[in-house]
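Analysis of the macromolecular model
Chain by chain, the residues:
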Amino acid sequence: SQQGEEDPQALSIQEGENATMNCSYKTSINNLQWYRQNSGRGLVHLILIRSNEREKHSGRLRVTLDTSKKSSSLLITASRAADTASYFCATDALGGTSYGKLTFGQGTILTVHP
Amino acid sequence: DAGVTQSPTHLIKTRGQHVTLRCSPISGHKSVSWYQQVLGQGPQFIFQYYEKEERGRGNFPDRFSARQFPNYSSELNVNALLLGDSALYLCASSPRGGGTNSPLHFGNGTRLTVT
């Protein structure tokens, strides 16, 4: 089963607008990661935030993590048509029995219109 | 530097057949993980290998097996294929095993269709 639940399932915006995607999870974590996937190809790692961090920035990306609420958000600022893709959050569970396992959410499909 | 490479890119098999998927990790990476992604869903963890040993197994039947070779490349084998095995199979590598806050580097996957 998927631990991460992402919201919204789909998001459609205009170029230049900001896009916010949310992720909730159920168990304690070592870290939470965000990945991007274009048209059913491989996933590309965007950003990793550790359980003791609250906010992290990378270029136009901003990720927040609230471990008390077991939730995270990904903000993409000044979006571009090239940002159109599926975005997934993934959790690395604390003390997991499956060594090195990431649990992915079902993803948010982002469409940015030129 | 070459990324993670997977072969073949596409594959069509018939129910009951066997399939072998191959993965070469990024040079220097010793950990390889396999994920299954059904259309419209997120990837699901199948196996992780580190230093040629199985270090993690997801909730998949025994029809699924894998191994890692001395050069750290890996194979995923699926026996007695079912229609429900149709999916994108993703391989990912990382320098070390889990618990080290290392991101995964994914290949472009093998699209398996079972008819």
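As shown above, the structure is provided for reference.
Residues numbered from 1 in each chain as written. Chains lettered and ligands numbered in written order. Predicted model: local features only at pLDDT ≥ 70, side-chain atom pairs only at ≥ 80, totals over all residues. Heavy atoms only, no water.

1. Here we look at unusual backbone geometry
At the junction of D7(A) and P8(A), the peptide bond is cis and its omega measures out at 0° in the coordinates. On the secondary structure map, P8(A) appears in the loop between β1 (5-7) and β2 (10-14). Between S7(B) and P8(B) the backbone carries a cis peptide bond, its omega angle lying at -10°. Tracing the backbone shows P8(B) in the loop between β1 (5-7) and β2 (10-13). For A78(A), which is not glycine, the phi dihedral falls at a positive 45°. Relative to the helices and strands, A78(A) resides in the loop between β8 (71-76) and β9 (85-93). The partly exposed category is assigned to A78(A), whose relative accessible area is 39%. Positive phi, close to 50°, is recorded for E51(B), a residue that is not glycine. For E51(B), the location among the structural elements is in the loop between β5 (44-50) and β6 (53-57). Owing to a relative accessible area of 27%, E51(B) belongs among the partly exposed residues under this scheme. (Helix = DSSP H or I, 4+ residues; strand = E, 2+ residues; numbered from the N terminus. Buried < 20%, exposed > 50% of the residue type's maximum accessible area, 1.4 Å probe, protein only.)

2. Observations regarding the interface of chain A and chain B
When the parts of a complex come together, some accessible area is lost, and that lost area is often taken as the interface size. Residue-level contacts link 24 residues of chain A with 26 residues of chain B. Buried area between chain A and chain B, both sides added, is near 2000 Å², and the carbon and sulfur share of it is 50%. Put simply, chain A and chain B have 0 salt bridges between them. Only β4 (29-37), β5 (43-50), β9 and β10 (102-104) of chain A provide two or more residues apiece to the side of chain A that touches chain B. The element best represented in the side of chain A that touches chain B is β4(A), accounting for 5 residues. Among the residues making up the side of chain A that touches chain B, the classes are represented as 7 nonpolar, 13 polar and 4 charged. (Contact = heavy atoms within 4.5 Å. Buried area = accessible area lost by both parts, 1.4 Å probe. Salt bridge = Lys/Arg side-chain N within 4 Å of Asp/Glu carboxyl O. Nonpolar A, V, L, I, M, F, W, Y, C, P; charged D, E, K, R; others polar.)

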